[in-house]
Amino acid sequence: MAHVLLINPWAYDFTAFDLWSKPLGLLYLGAHLKRRGFKVTLLDCLDRGDPDSCAPKNEGPRKLREAGCGGYFREILPKPVFFSSIPRRFKRFGMPREKVLARLWNLDPPDVVLVTCGFTYWYPGASVFAEILRRAFPRAFLVLGGVYPTLCPDHAERLGFDAVVSVADPLSVSRHLEGLLGTSLGIRTYEDFFAVPPAFELYPRLSYGVVLSSLGCPFSCTYCASRILAPSFFQRPPQDVAEEIRYLFERFGVRHIAFYDDALLFRTESHFLPLAEYLVRLNLPVSFHLPNGLHARYVTREVARFLKRANFSTVRLSLETAVSPRQKQSGGKVTNELFEEAVRALQEAGFSPQDIEVYLLFGWPVEEEGDVVASVLYVRSLGLVPRLALYAPTPGTKDYETFFSHEEEPLWHNKIAFLYRRGWSKLYERLQGKGKC
Ligand code: SF4
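Residues numbered from 1 in each chain as written. Predicted model: local features only at pLDDT ≥ 70, side-chain atom pairs only at ≥ 80, totals over all residues. Heavy atoms only, no water.

Visitor: Please provide a residue-by-residue account of the sheet that holds strand S6 (residues 74-77), values included.
Guide: Strand order across the open sheet formed by three strands is S2-S7-S6, with antiparallel pairing between neighbours. Strand pairing shows two members of the sheet lacking a second neighbour, strand S2 (11-13) and S6, which therefore form its edges. Geometrically, the sheet is characterised by an average inter-axis angle of 25 degrees between neighbouring strands, direction not taken into account. Judged from the four bridges that link them, S6 and strand S7 (residues 90-93) form a sheet pairing that is antiparallel. Within S7, the position partnered with Glu75 by the bridge is Arg92. (Pairing = 2+ DSSP bridges. Helix = DSSP H or I, 4+ residues; strand = E, 2+ residues; numbered from the N terminus. Axes fitted to C-alpha atoms, helices over the stretch in contact; angles between N-to-C directions.)

Visitor: Describe in detail the pairing of strand S1 (residues 3-8), supporting the description with residues and values.
Guide: Most of S1 sits inside the fold, with six of its six residues counted as buried. With six bridges joining them, S1 and strand S4 (residues 39-44) adopt parallel strand pairing. Residue Leu6 lies in a different strand from S4, and its bridge partner there is Leu42. Of the strand pairs in this sheet, S1 and strand S8 (residues 112-117) are connected by four bridges, and their pairing is parallel. Counterpart to Val4 in the pairing with S8 is Val112. (Buried < 20%, exposed > 50% of the residue type's maximum accessible area, 1.4 Å probe, protein only.)

Visitor: I'd like a description of the UniProt feature "domain: B12-binding" (unreviewed entry) in the protein, backed by residues and values.
Guide: The sites that carry the UniProt feature "domain: B12-binding" (unreviewed entry) are, in the present numbering, residues 8-187. Secondary structure content for residues 8-187 is 34% helix and 20% strand, while the C-alpha to C-alpha distance between its ends is 23 Å. (UniProt positions renumbered as here; feature names shortened; annotations may be inferred.)

Visitor: Account for unusual backbone geometry, with residues named and values stated.
Guide: With a phi angle near 50 degrees, Trp20 is a residue other than glycine that sits in the positive phi range. As for its position among the elements, Trp20 is in the loop between strand S3 (17-18) and helix H1 (24-35). When its relative accessible area of 3% is taken as the criterion, Trp20 is described as buried. One non-glycine residue, Glu320, lies in positive phi territory at about 70 degrees. Within the fold, Glu320 resides in strand S16 (residues 312-320).

Visitor: Explain the pattern of salt bridges to me, and be specific about the residues and the numbers.
Guide: This structure, assessed with the given rule, holds 17 salt bridges. Of the charged contacts in the structure, one is a salt bridge between Arg62 and Glu66, with a shortest N-O distance of 2.8 Å. Here Arg62 and its partner Glu66 are both found in helix H2 (residues 62-66), four residues apart, which amounts to about one turn of the helix. Overall, Arg62 belongs to the exposed group, its relative accessible area being 56%. Classification of Glu66 as partly exposed rests on a relative accessible area of 49%. Across the pair Glu320 and Lys333 runs a salt bridge whose closest N-O atoms are separated by 2.8 Å. (Salt bridge = Lys/Arg side-chain N within 4 Å of Asp/Glu carboxyl O.)

Visitor: Explain the pairing of strand S14 (residues 256-259) to me, and be specific about the residues and the numbers.
Guide: Of the two faces of S14, both are covered, the one formed by His256 and Ala258 as well as the one formed by Ile257 and Phe259. Summarising the sheet, strand S11 (residues 209-211) and S14 pair through three bridges and their orientation is parallel. Considered in S14, the bridge of Gly209 is made with Ile257. Two strands pair when backbone bridges link them, and S14 and strand S15 (residues 287-289) are joined in this way by three bridges, in the parallel orientation. Following the sheet pairing, His256 is matched in S15 by Ser287.

Visitor: Explain the domain arrangement of the protein residue by residue, including any values.
Guide: Along its sequence, the protein is organised into domain 1 (3-191) and domain 2 (208-434). Its C-alpha centre places domain 1 at a distance of 24 Å from the equivalent point of domain 2. Each partner contributes residues to the interface: domain 1 has 36 residues there, and domain 2 has 34 residues. Carbon and sulfur atoms supply 69% of the area buried between domain 1 and domain 2, which totals about 3,300 Å² over both sides. Where domain 1 touches domain 2, the interface holds zero salt bridges. The tally of links from domain 1 across to domain 2 stands at twelve residue pairs in polar contact (both at pLDDT 80 or more). Only H1, H2, helix H4 (123-136), helix H5 (147-151) and helix H8 (190-193) provide two or more residues apiece to the side of domain 1 that touches domain 2. (Domains from an automatic or database assignment. Contact = heavy atoms within 4.5 Å. Buried area = accessible area lost by both parts, 1.4 Å probe. Polar contact = N/O pair within 3.5 Å; in protein donor to acceptor, adjacent residues only side chain to side chain.)

Structure representation (structure tokens):
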């Protein structure tokens, strides 16, 4: 049977950190391919648990390390000419290059290689792999997929792969892949796609698990690509999700699981609440994490109680901005009143202010400095800690069309590069709690 090699390339960036980061789409495809009898091998350059990965210089904060996260090993590289004005060092994050090459030379030659690429500005990782793979496996069929080719399809076509899958919706990806492989994967519905757990067994060791209980988001915020990446909104049956969590714990012994959902709390009565009830009943010694942030408008007293009872340890609320006209302008997903109700509900349920992190978008072109400062002061006035999420220009979004449609080079989407281009790096440092606003 054919051999399929799955690759999650290095990250080329100024900064990168493993915050419950796994190539989940690739792992689902791996599971389906295995089920159809393919031999499947994974090379995840960002797997910190791999024996070939080296210790990072910066391990990261203790709280995150205890939750399975951590820094990557990194090597400093010459800066691309595009970034010559950015006063930061450019790096390759992940396994050392020579270890990756040695691993590839020792592999049974694959027939097909599926390479994913998470961010548009991480395409250099995919590009380098196109060259390496061509030399190592001249007969293999090289396929590129993921967020980057979905958002920048024309650019991705020029990287030298045999095929580019420029969609991210699982059913469309499966159809493409079936055409390329010349065989059915048996995926006709989202239920089929989620019927197998992701192929986590391809990892030698897991320090955390990740789970996706729903696809997409019913909102359309002007800065977000969720609708482009997942045009349909779909929620899995809560019991299936709970059983997958039980499987992750029993099979791999993970004590930390992150939800990748964009809209975990949407239709909460039929989704999150029953799911949390299952989790409470399972009573596993597992902490849950929400790297994507919660919709404050759905955090009722009941939801907050279940978040606490089911052991969601750190709760992140997505506020983005506390300036009312900006909230409306971006799509109106939240207001300060709804946000404050959510905070009250969480605190009544037993979450301390340190447990509640608040995402604020930093660098969003719609905002002026005064808007951001006002948002930070507002969050602090509630006794909470703002987390500044750096804005990255994202192709296909309304804001990108308004502010950046002339730009083609995906490196410019890098959030650190954009921070400097906007001239807000000093303000960022000041607001990161190191100075007064
Ligand atoms: S609510 Fe969140 S996930 Fe949904 S469109 Fe807005 S930013 Fe994206």
